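Reading the structure
Now for the letters of each chain:
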Amino acid sequence: MEKNGKIFVAPPQDGSDFKELFKQLAAAGAGRPLGSDGFPQGPWTPELLAEAISQIDSNRIGVDLRTVQLWFQENEKGISTSNIRWLARIFGCDDPEATSEWQMELSAAQLRLTAKRRDSKKAGSSTAPRVPDMPPPVMVDNNQTRPVGRQGFNLARTSEALFTRGSPLNLPASVFAGASALGFLSYIVGIHSATYGRADGVVKQVGFLWAPNWTFLFMVLLPLFFALVTELLVFWNDEGRLRLTGHSEKIESDDAWARNVEASSYTYWAVFLICVLFAGLFQWIGVCLIPLINGGGHYAVDWGKLAIVRPEVISVPMTIVFTGLAYLYMCLCFYLLFAGLILLHTILHDLWKIEEGSKMRLEEYRRAGGEIGLRVMRGIFRCTVLGVVVAICMKAQSAYLASNGEDILTWLANDMSSVLNGHRNDSNSFRYRMPTHYSSLLVAISSCVGFLYGSIRFGKRFHAPLWTMSAVVALLFASYLLIDAFDGFSILLGTGTLLATYGLFDPEFGRWRANELGSNQSVS
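Residues numbered from 1 in each chain as written. Predicted model: local features only at pLDDT ≥ 70, side-chain atom pairs only at ≥ 80, totals over all residues. Heavy atoms only, no water.

Turning our attention to the overall build of the protein chain. Tallying secondary structure elements over the protein chain gives 18 helices and six strands in all. Within the span of the protein chain, comprising 524 residues, buried residues form 47% of the whole. The contacts of the protein chain with a sequence gap of at least 6 include a subset with a gap of at least 24, amounting to 72%. Accessible area for the protein chain stands at about 25,800 Å²; split by element, carbon and sulfur atoms hold 61% of it. (Helix = DSSP H or I, 4+ residues; strand = E, 2+ residues; numbered from the N terminus. Buried < 20%, exposed > 50% of the residue type's maximum accessible area, 1.4 Å probe, protein only. Contact = heavy atoms within 4.5 Å. Areas by Shrake-Rupley, 256 points an atom, 1.4 Å probe, with all protein chains shown as cover.)

Structurally, the position occupied by Asp 302 is in the loop between helix 10 (265-294) and helix 11 (306-309). In contact with Asp 302, other than residues within four places in its own chain, are Val 206 and Leu 401.

In this model, helix 16 (residues 463-481) (19 residues) spans 26 Å end to end at C-alpha, consistent with the 27 Å of a helix rising 1.5 Å per residue. When we look at burial in helix 16, the residues that qualify are Pro 465, Leu 466, Met 469, Val 472, Val 473, Leu 476, Ser 479 and Tyr 480. The buried residues of helix 16 occupy an angular sector of 150° when the element is viewed end-on, so they sit on one face. (Expected span 1.5 Å × (residues − 1). Arc of directions from axis to C-beta.)

This structure, assessed with the given rule, holds 24 aromatic pairs. Seen from their ring centres, Phe 218 and Tyr 329 are 5.1 Å apart, and the 55° between their planes marks the pair as tilted. In this pair, Phe 218 is assigned in helix 8 (residues 216-245) and Tyr 329 in helix 12 (residues 316-357), connecting sequence segments 111 residues apart. Looking at Tyr 329, the relative accessible area reads 14%, which means it is buried. With 5.3 Å between their ring centres and 90° between their planes, Phe 272 and Tyr 335 make a pair best called edge-to-face. Separated by 63 residues along the polypeptide, Phe 272 in helix 10 and Tyr 335 in helix 12 bring together distant segments of the chain. By relative accessible area, which is 25% here, Phe 272 ends up partly exposed. On the basis of relative accessible area, Tyr 335 is assigned to the buried category, the value being 5%. Cluster of aromatic residues (ring-pair linked, three or more members): Phe 208, Trp 214, Phe 218, Trp 303, Phe 322, Tyr 327, Tyr 329 and Phe 334. (Phe/Tyr/Trp six-rings, centres within 6.5 Å; stacked < 30°, edge-to-face > 60°.)

So, about a nonpolar patch on the surface. A cluster of nonpolar side chains, contributed by Phe 153, Trp 269, Leu 273, Ile 274, Leu 277, Phe 278, Leu 281 and Phe 282, occupies part of the molecular surface with about 790 Å² of accessible area. Within the secondary structure, Leu 277 is located in helix 10. (Patch = residues over 30% accessible without salt bridge, like charges linked within 9 Å, V, L, I, M, F, W, Y side chains within 5 Å. Salt bridge = Lys/Arg side-chain N within 4 Å of Asp/Glu carboxyl O.)

Moving on: the pattern of salt bridges. Under the definition given, this model contains twelve salt bridges. The salt bridge partner of Glu 74 is Lys 23, with a shortest N-O separation of 2.9 Å. Here the residue Glu 74 occupies a position in the loop between helix 3 (65-72) and helix 4 (81-91), and Lys 23 occupies one in helix 1 (residues 18-28), the gap between them amounting to 51 residues. Between Arg 241 and Asp 350 there is a salt bridge; the shortest N-O distance is 2.6 Å. Taken together, the positions of Arg 241 in helix 8 and Asp 350 in helix 12 put the pair 109 residues apart, joining distant regions of the chain. The exposure class of Arg 241 is buried, given its relative accessible area of 0%. Residues joined by salt bridges that share partners form a network here, namely Lys 6, Arg 89 and Asp 94.

A few words now on the layout of surface pockets. Its volume calculated, the largest pocket comes out at about 1,100 Å³. In terms of lining residues, the largest pocket is bounded by 50 residues, among which Ala 279, Met 394, Ser 439, Leu 442 and Val 443 are the most central. Secondary structure elements with two or more residues in the lining of the largest pocket: helix 10, helix 12, helix 13 (363-401) and helix 15 (435-458). Here the lining of the largest pocket takes eleven residues from helix 15, the largest share from any one element. Class assignment for the residues of the lining of the largest pocket results in 31 nonpolar, 16 polar and three charged. (1 Å grid on protein atoms, 1.4 Å probe; cavity = no way out; pocket = protein on both sides within 12 Å on 5 of 7 lines; lining within 4 Å. Points joined across faces, edges and corners; volume = space filled by probe spheres on them. Nonpolar A, V, L, I, M, F, W, Y, C, P; charged D, E, K, R; others polar.)

Orientation of helix 8 relative to helix 9 (residues 250-262), taken along the N-to-C sense of each, is 125°, at an axis distance of 10 Å. As far as their axial angle goes, helix 9 and helix 8 are oblique. The element helix 8 and its partner helix 9 pack so that their crossing is right-handed. Where helix 8 approaches helix 9, its residues Leu 233, Trp 236, Asn 237, Asp 238, Arg 241 and Leu 242 are matched on the opposing element by Lys 250, Ser 253, Asp 254, Ala 256, Trp 257 and Asn 260. Split by residue class, the contact of helix 8 with helix 9 holds five nonpolar, three polar and four charged. (Axes fitted to C-alpha atoms, helices over the stretch in contact; angles between N-to-C directions. Parallel < 35°, antiparallel > 145°, perpendicular 65-115°, else oblique. Left-handed = near helix turned anticlockwise from the far one by under 90°.)

This brings us to the packing of helix 1 against helix 3. Where helix 1 meets helix 3, the axes come as close as 9 Å, and the angle between the chain directions of the two elements is 100°. Judged by the angle between their axes, helix 1 and helix 3 are roughly perpendicular. Side by side, helix 1 and helix 3 meet where Phe 18, Lys 19, Phe 22 and Ala 26 of the first sit next to Leu 70, Trp 71 and Phe 72 of the second.

The next thing to look at is the environment of Leu 420. If you trace the backbone, Leu 420 turns up in helix 14 (residues 408-421). With 71 residues separating them along the chain, Leu 420 and Ile 491 place their C-alpha atoms 10.0 Å apart.

What follows is about the environment of Gly 190. Its place among the elements puts Gly 190 in the loop between helix 7 (170-189) and strand 5 (195-197). Considering only alpha carbons, one finds Gly 190 and Gly 207, 17 residues apart in sequence, at a separation of 8.9 Å.

Moving on, we come to the confidence of the model for the protein chain. On average, the protein chain scores 84 in pLDDT, and the residues at 70 or more come to 86%. Within the protein chain, the element-level pLDDT minimum falls on strand 4 (residues 145-147), averaging 38, and the maximum on helix 7, averaging 96. Here residues 127-150 scores under 50 on pLDDT; set against residues more than four positions off or in separate chains, the count is 23 contacts. Considering only residues more than four positions removed or in separate chains, one finds that residues 512-524, a stretch of pLDDT under 50, has three contacts. (pLDDT = per-residue confidence, 0-100.)

For helix 7, spanning 20 residues, the distance from its first C-alpha to its last is 29 Å, which sits close to the expected 28 Å at 1.5 Å a residue. Every buried residue of helix 7 is listed here: Leu 171, Pro 172, Val 175, Gly 178, Ala 179, Ser 180, Leu 182, Gly 183, Ser 186 and Val 189. Gly 190 sits one or two residues past helix 7 and shows a positive phi near 90°.

Put into structure tokens, the structure is as follows:
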């Protein structure tokens with residue numbers, strides 16, 4: 001039957017559920033335009049149907065292709081109320097009366113599917129089979145099967161759950177508690193504040209609580225970083241993604257997001273192995289264990305090697321135990337740092353795919369997408385700043401240990417005064433191996449990758465605010481690279497750190513005040 005130049009199939013009203021009904025209509029190509037020869041063009045495909053729904057004039061945000069794919073697959077997924085409206089328009093061939101009939105038929109079919117699914121669950125729970133059946137497969141986007149029910153350990157989903165499950169304070173509080181515990185242990189073993197006299201006569205402070213890469217980093221920077229990542233993830237999953245995709249049921253959006261997270265499983269495993277094996281185990285063996293056993297090495301003396309030069313303060317066995325706990329805590333925390341950066345990149349990539357996949361370009365959609373995209377970029381900027389400051393703490397402590405400064409604060413103050421007073425500051429007299437310089441560079445570069453990716457993808461849309469954010473990130477990164485590179489580096493470092501700290505509270509650097517003032521003037 002033909003209606004408005006399209007293939008029309010009347011509602012069968014045969015008691016079929018949604019899956020059965022949709023399979024028949026999709027195979028018949030109901031609602032597809034007739035070919036130039038007057039014959040049907042063929043059945044629906046997920047891509048063709050998603051495009052047809054998105055081209056409906058009154059549908060402002062279209063439909064996600066992954067949602068349409070679920071309709072075609074053999075699973076228990078039904079259809080949301082809003083999508084019933086658009087599918088009825090397709091099957092009704094844009095005829096008001098036929099569309100109304102199909103809307104009632106699809107609604108009834110969805111109710112039958114829900115009732116059938118509920119009855120099957122009740123029947124399954126009331127009867128206990130002697131031999132457990134294999135769970136039915138569920139088709140995913142790459143046409144592979146995935147069993148429903150209990151699955152194996154998934155590092156990507158587990159890492160994401162650490163940020164999003166439970167209270168947003170769980171992860172920051174856990175990291176802070178671990179750093180506090182190490183601080184208390186340093187008091188107990190007597191290395192919280194300790195000095196030693198170097199061969200050139202310089203007396204250096206190498207206490208655990210004087211090392212910013214073990215105190216300020218884990219007690220302030222990382223908890224704040226995890227809190228910001230969690231806030232952005234919750235916003236994206238609960239609000240941002242739902243508004244852009246038009247999912248009326250959150251479960252559809254959650255499934256799509258879960259697939260995006262699982263797509264990076266190999267990345268999570270690679271980062272986990274590098275953090276635990278290389279940054280944790282191997283570095284502890286090379287930097288702490290071997291020098292403690294052999295009584296020396298080519299590394300600067302710090303709290304982890306204090307037993308070599310001052311055995312009366314702490315013994316070698318106690319140092320081995322304490323450094324082992326500290327490095328285990330450190331490598332796990334840095335894995336979570338990199339996991340947070342991966343999740344931030346996943347959000348950006350998901351945002352870009354949703355915007356690219358949308359067929360609608362109406363003003364309302366563009367306004368909503370711009371508001372959500374800018375909020376995402378503000379969150380990415382804050383996390384990038386904190387990541388680079390983490391790298392600064394690591395490199396500054398490593399550079400201080402090789403300098404002539406008595407403690408890290410005095411070292412920075414002397415560098416600043418050397419420029420103001422016009423005196424040269426001969427800060428370095430010893431050459432050491434400094435693996436922290438390399439690991440801090442990895443942290444700094446990794447922290448900037450997400451912001452750089454977002455700037456490339458959305459630079460044209462948020463030109464002015466991203467220029468300001470990019471300038472601050474570039475200045476902070478340059479400050480990191482130039483630590484201890486010349487006399488007066490601390491002035492550049494202080495300037496970059498102050499700007500970055502302000503950017504945490506106002507990422508657009510006062511631009512919101514100008515926007516607010518402009519909107520108030522336009523209203524008046």
